[in-house]
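# Survey of secondary and tertiary structure
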Amino acid sequence: MPHGIHHVTAMAGRAHRNLDIYARTLGLRLVKRTVNFDDPGTYHFYYGDETGQPGSIVTFFPWEHAAPGQVGVGETMETALRIPETAVAFWTHRLVAAGLRHEAPQKRFGETVLRVRDPDGMRLALVGVPGLEAEPAWSTAEIPAEAAIRGVHSVGLLLADPAPTAAILTDVLGFAEVGRDDEVVRYRAVDARDAGVGATVDLHTAGGPARGRLGAGSVHHVAFRAADDAAQADMVARLADRHGITTTGQRDRNYFRSVYFREPGGVLFEIATDQPGFAVDEPIASLGTALKLPPQLEPRRAAIEAVLPQVA
Ligand code: ZN
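Note that the coordinates shown come from a computational prediction; the quantities given were computed from them, not determined experimentally.

### Things to note about the packing of aromatic side chains
Pairs of aromatic rings are described using the distance from one ring centre to the other and the angle between the two planes. One pass over the structure, following the stated rule, counts 15 aromatic pairs. Centre to centre, the rings of Tyr47 and Phe60 are 5.9 Å apart; their planes meet at 70°, and the pair counts as edge-to-face. Residue Tyr47 is found in strand 3 (residues 39-48), and its partner Phe60 is found in strand 4 (residues 57-62); the two are separated by 13 residues along the sequence. Summarising the burial analysis for this pair, Tyr47 and Phe60 share the class buried. Consider the rings of Phe175 and Phe224, whose centres lie 5.7 Å apart with planes at 90°: the pair is edge-to-face. Of this pair, Phe175 sits in strand 10 (residues 175-181) while Phe224 sits in strand 13 (residues 219-226), and the two are 49 residues apart along the sequence. Classification of Phe175 by relative accessible area gives buried; the value is 2%. Residue classification places Phe224 among the buried residues on the basis of a relative accessible area of 1%.

Following this line, the structure appears as structure tokens:
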């Protein structure tokens with residue numbers, strides 16, 4: 001039964017710049033170009049690996065005039081991506097060349113971490129993992145397969161009290177504690193290989209009560225994997241019976257089916273099914289090349305296309 005992070009969704013500023021950073025500078029594959037189903041005048045971009053496998057996905061709602069966010073307690077403070085350990089120097093040079101704000105490499109849980117901000121101020125990290133160059137990768141003209149990003153490494157959550165969040169991770173979402181580094185406690189999906197794709201969540205204890213402000217660069221929610229509807233229903237029942245948490249009803253997101261809930265620490269969590277995946281409405285070979293709309297929005301395509309910003 002697969003567990004782990006399914007995707008991370010953030011808010012962004014200008015759509016064109018978001019595409020430039022994630023598809024060109026970071027070399028992720030744009031696996032779906034669609035709209036926010038709840039706000040169809042806004043894009044929803046999904047980036048991932050060649051097929052958009054669960055755990056490789058980072059998604060954005062870009063708003064042309066979004067005010068910048070500010071990270072605070074009860075939010076995701078960092079989204080980390082996996083790179084081969086042997087590609088740390090490649091990425092250090094590339095981040096410098098792209099003019100992105102970054103820090104010198106540091107060690108965390110024995111891994112090399114390059115912390116960087118995207119142009120909206122979103123806190124990213126590239127984490128060097130030994131042996132990753134052997135995993136399949138999406139390569140681009142500028143980024144060879146041996147250096148390419150291999151999906152999500154982890155999210156770091158900033159919490160006033162990590163214990164109730166840890167209980168949800170371990171009792172419902174399939175994680176177990178695997179280590180501590182200063183104030184950070186690391187959890188890993190129990191069925192994942194070491195440092196597997198989307199397998200890690202770090203809980204950081206906040207020093208103060210400061211609340212953040214959602215805006216461009218803020219993570220909106222973190223989605224966790226359920227193999228299918230039955231596994232998702234089991235997790236929903238467990239949340240209610242053992243933790244007193246009620247989720248939303250299931251929403252059809254076309255590429256997965258989702259329920260949402262606010263975890264006790266304040267972070268919006270989603271449980272998304274692995275099925276049906278991103279090839280449900282276009283072939284793998286041409287993922288992300290056309291604007292795709294769910295059936296209920298297709299009759300409004302002309303009006304939607306007229307209000308979306310030009311991106312290419
Ligand atoms: Zn989501």
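Moving on from the model shown.
### So, unusual backbone geometry
For the peptide bond that leads from Gln275 to Pro276, omega is 0°, which places it in the cis range. By the element assignment, Pro276 lies in the loop between strand 16 (268-273) and helix 5 (301-307). Unlike most non-glycine residues, Asp182 shows phi in positive territory, near 55°. If you check the backbone angles, Asn254 has positive phi at about 70° while not being a glycine. When you line up the elements, Asn254 lands in the loop between strand 14 (251-252) and strand 15 (257-262).

Rules and cut-offs
Residues numbered from 1 in each chain as written. Predicted model: local features only at pLDDT ≥ 70, side-chain atom pairs only at ≥ 80, totals over all residues. Heavy atoms only, no water. Phe/Tyr/Trp six-rings, centres within 6.5 Å; stacked < 30°, edge-to-face > 60°. Helix = DSSP H or I, 4+ residues; strand = E, 2+ residues; numbered from the N terminus. Buried < 20%, exposed > 50% of the residue type's maximum accessible area, 1.4 Å probe, protein only.

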